[in-house]
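Summary of structural features
So the chains spell out like this:
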Amino acid sequence: MVPTLKTKAQTLAVALPLLALLVWTFSIAMRQGLAPASRIKLVAYDPTDLLSGHYLRFRYDFGSLNICSENANPPADRAKNQETCICVDEGADTTLEATLVTDCESVAVSCQQFVKGHCQYSSFLTDSERYYFPEEYASVLAVLPPKSEAEVAIGTDGSLAIKKIFVDSRPLLDFAKDELKRKKP
Amino acid sequence: MALDRKTEKKLKNWEQASLITSEQSLAIRQHEEKYGHSSLLFGIGWLAAACIVLGIVALIASNWEYIPAALKLVLYFGIFGLLGFTLLKGVRDRPIVQEILRLVLMGYTLAGIGLIAQIYHLHGAPWRGIAFWCLCTIGLAISCGSAWGALLWLPSAIGALTLYLSGLSLSEETGSLIAIAITAGLGTSGSLRRHLIWRHFQNVAFVLATLTVFFYTIIGRYNVASQSWFTASVTAFAVIALGIWAAALVFNKSLNRGTRFGFWVFLGFAALQIVYLHTAQSTDYGSIVTKIVSVLFFVLGTLGLAVAAFSFGKRRLFEGLCFLIFFRLLGIYAELLVSMSATGFGLISIGVFMLAGLYAWHKLKASLFKTLEVQLSGTHS
């Protein structure tokens, strides 16, 4: 039977979300898989959120450079959530640190590895500041534990994707399990 | 599907009154039995399907740690494929089930975006997620046989756009100008002749734009005059935008004279209301005159909308709008004579007005409907 125009349109309507989600998933997986893994220190962020208990909220600690300060060069346009790029390099403790705040258009020339993000007031955000975990660990993961580091993949376009979180070199969920056991002997 | 009692009774009455022949009655019955559907059945079906989908999501969520990420994705896409195959091949001659599946797939797509975001720990601005969902589900929303698809899609798209714009930190005036342009765009597209593919979107756009105009202009909020965004350019742009919308009605030849006239009156008084509230702000903001003139514009504009609704065959809406006018008048009575309305006499007089209004409506309704039918006779779309 020859498919009618309506049948073709129906098939396209069903295929569109399926294909879009598949392509999206595949592109994220590829980006995370191919990019080399690096580590960045994390700092806790106010966990007040309707859905807190399902994910951790944090900020990346890129060292002592004031990325979103008004004195930064170029100055970050905080009101407009303007794209900001930072050059990063491994510090003394092998975690990534920001070395330069720069214009995103010429960032590829300015540095070898960079992270793209935007300034929200004094915070530099990369849209990857959440880490989801099972609800059963909510009581021990209300706030990001101290000495946390993220294993991230940084794409060639400067996009940052979080892979894992380590607490004092232990995977976050192992830490959470131990903490839970310690709380309920 | 068996006919409901009301339709069965009507068919019998029409047959007895020789309005339709027994063959026609039989043909209508057969048609309804084949294609008709009950909204209750549709609602229960939709609820059942939504429960199953939410159950799957909950199962994955509660076993989050024990299900590997790859398996979660395989499960998700597998179920998506199964639902899609059922829609395309399994239920071809069941329009209600098809419709439910389309709506379920729209919801399931949103759940998928959430699932993928969780697996890969993504966290972006909410408008991105909503916009992506809109992009993915546009086909499903268009292919919906009912208005539900458009009703879910269009406000989501507007929501995503609003969230995106609010992130740009635009000035209040610019934001107002954009909001007016969106409203007028929706109203204009909804006023044009119905297109077979876009008809549900046009209907939803028209209703959304009309409600926006109703709440933001015709209702006449006196405090609007003190808002910083209510500038001369906003006022002028709103009037022009409403004018374009009104002009679009000319091109819709399927609308009858009454509907077009009523809606022009509505848009005209909405424009007058904006101009009046803008000019009144520097002189007599909040004065009795401002309130009375504003309520007068509200009454006439809403009456125009009621006439348009009546002419379009929406008599319940006509009645509702007439009651709204009545309550607005009661409101202004209480507002202007606030000291008196707080006393026993004030309350008694409001009660008496309400009873008198109800009595008058009961007595005049039939003759009013008849007069309007004669005056507004024309072709329905």
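Let us look at the structure shown here. Source: prediction; values computed, not measured.

Attention now moves to the overall build of chain A. Helix and strand counts for chain A stand at 3 helices and 10 strands. Listed N to C, the secondary structure of chain A is α-β-β-β-β-α-β-β-β-β-β-β-α in terms of helices and strands. Put simply, chain A has 185 residues, and 42% of those count as buried. Considering only contacts within chain A whose residues lie at least 6 apart along the sequence, 63% involve residues at least 24 apart. Here chain A has roughly 10,500 Å² of accessible surface; of this, 55% comes from carbon and sulfur atoms.

Moving on: the overall build of chain B. Counting secondary structure elements, chain B contains 15 helices and 0 strands. A burial count over chain B gives 39% of its 381 residues as buried.

Core analysis: the largest hydrophobic core is formed by 87 residues, its most contacted members being L21 of chain A together with W153, L242, F263, F266, L267 and F318 of chain B. The element that contributes the greatest number of residues to this core is helix 5 (residues 95–119) of chain B, accounting for 13 residues. Setting aside anything within four residues of it in sequence, one finds F263 of chain B in contact with F206, T210, W245, L249, G304, L305 and A308 of chain B.

Applying the stated rule across the entire model yields 6 salt bridges over all chains. Measuring nitrogen to oxygen at the nearest pair gives 3.4 Å for the salt bridge that ties E149 of chain A to R39 of chain A. A residue pair is termed long-range when its members are at least 10 positions apart, and E149 of chain A in strand 8 (residues 148–154) and R39 of chain A in strand 1 (residues 37–44) qualify at 110 residues. The partly exposed category is assigned to R39 of chain A, whose relative accessible area is 26%. One salt bridge connects E319 of chain B with K365 of chain B, and the closest N-O pair in it is separated by 3.5 Å. Linking E319 of chain B in helix 13 (residues 315–336) with K365 of chain B in helix 15 (residues 344–375), this pair joins segments that are 46 residues apart in sequence. In this structure E319 of chain B comes out as buried when scored by relative accessible area, which is 16%.

What follows concerns the pairing of strand 2 (residues 55–61) of chain A. Residue and element names in this part refer to chain A. Burial analysis of strand 2 places 6 of its 7 residues in the buried class, which makes it a mostly covered element. Bridge analysis of strand 1 against strand 2 gives 4 bridges, and the strand direction is antiparallel. Opposite V43, over in strand 2, you have R59 as the bridge partner. Here 3 bridges tie strand 2 to strand 7 (residues 130–132), and the two strands are oriented antiparallel to one another. Looking at strand 7, one finds that Y55 is bridged to Y132.

All names here are of chain A. On inspection of all chains with the given rule, the structure shows 27 aromatic pairs over all chains. Note on Y55 and Y132: the rings are 5.3 Å apart at their centroids and 70° apart in plane angle, and the pair reads as edge-to-face. Placement of Y55 in strand 2 and of Y132 in strand 7 is noted, with a sequence separation of 77 residues between them. Here Y55 and Y132 have matching classes, each one buried.

What follows is about the interface of chain B and chain A. Frequently, the measure chosen for interface size is the accessible area removed from exposure when the parts meet. Taken together, the contact pairs 34 residues of chain B with 33 residues of chain A. Surface buried jointly by chain B and chain A totals about 2,900 Å² across both partners, of which 67% is contributed by carbon and sulfur atoms. Here chain B is connected to chain A by 0 salt bridges. Sorting the residues of the side of chain B that touches chain A by element identifies helix 4 (69–90), helix 5 and helix 6 (126–143) of chain B as the ones contributing at least two each. Among the elements that take part in the side of chain B that touches chain A, helix 6 of chain B stands out by supplying 8 residues, more than any other. Residues of the side of chain B that touches chain A, tallied by class, amount to 20 nonpolar, 10 polar and 4 charged.

Let us look at the sheet that holds strand 6 (residues 123–125) of chain A. Residue and element names in this part refer to chain A. Pairing within the open sheet is antiparallel, and its 4 strands lie in the order 4-3-5-6. Every interior strand has two partners, whereas the edge strands, strand 4 (96–102) and strand 6, have only one. On average, each strand axis in the sheet is inclined to that of its neighbour by 45°, with strand direction left out of account. Strand direction decides the pairing type here: strand 5 (residues 114–120) and strand 6, joined by 3 bridges, are antiparallel. Within the sheet, the bridge partner assigned to Q120 lies in strand 6 and is S123.

Moving on: the packing of helix 1 (residues 5–34) of chain A against helix 5 of chain B. At their nearest, the axes of helix 1 of chain A and helix 5 of chain B sit 11 Å apart, and the two run at 5° to each other. With respect to helix 5 of chain B, the element helix 1 of chain A is oriented roughly parallel. For the pair helix 1 of chain A and helix 5 of chain B, the contacting residues are Q10, V14, P17, L21, W24, T25 and I28 of chain A in the first and R102, L105, T109, I113, I116 and A117 of chain B in the second. For the contact of helix 1 of chain A with helix 5 of chain B, the residue count by class is 9 nonpolar, 3 polar and 1 charged.

As a further point, take the sheet that holds strand 2 of chain A. Pairing in this open sheet of 6 strands is antiparallel, and the strands run 7-2-1-8-9-10 (chain A) from one edge to the other. Two strands in the sheet have a free side with no partner beyond their single neighbour: strand 7 and strand 10 (170–171) of chain A.

Rules used throughout
- Residues numbered from 1 in each chain as written.
- Chains lettered and ligands numbered in written order.
- Predicted model: local features only at pLDDT ≥ 70, side-chain atom pairs only at ≥ 80, totals over all residues.
- Heavy atoms only, no water.
- Helix = DSSP H or I, 4+ residues; strand = E, 2+ residues; numbered from the N terminus.
- Buried < 20%, exposed > 50% of the residue type's maximum accessible area, 1.4 Å probe, protein only.
- Contact = heavy atoms within 4.5 Å.
- Areas by Shrake-Rupley, 256 points an atom, 1.4 Å probe, with all protein chains shown as cover.
- Core = buried A, V, L, I, M, F, W, Y, C linked by side-chain atoms within 4.5 Å.
- Salt bridge = Lys/Arg side-chain N within 4 Å of Asp/Glu carboxyl O.
- Pairing = 2+ DSSP bridges.
- Phe/Tyr/Trp six-rings, centres within 6.5 Å; stacked < 30°, edge-to-face > 60°.
- Buried area = accessible area lost by both parts, 1.4 Å probe.
- Nonpolar A, V, L, I, M, F, W, Y, C, P; charged D, E, K, R; others polar.
- Axes fitted to C-alpha atoms, helices over the stretch in contact; angles between N-to-C directions.
- Parallel < 35°, antiparallel > 145°, perpendicular 65-115°, else oblique.

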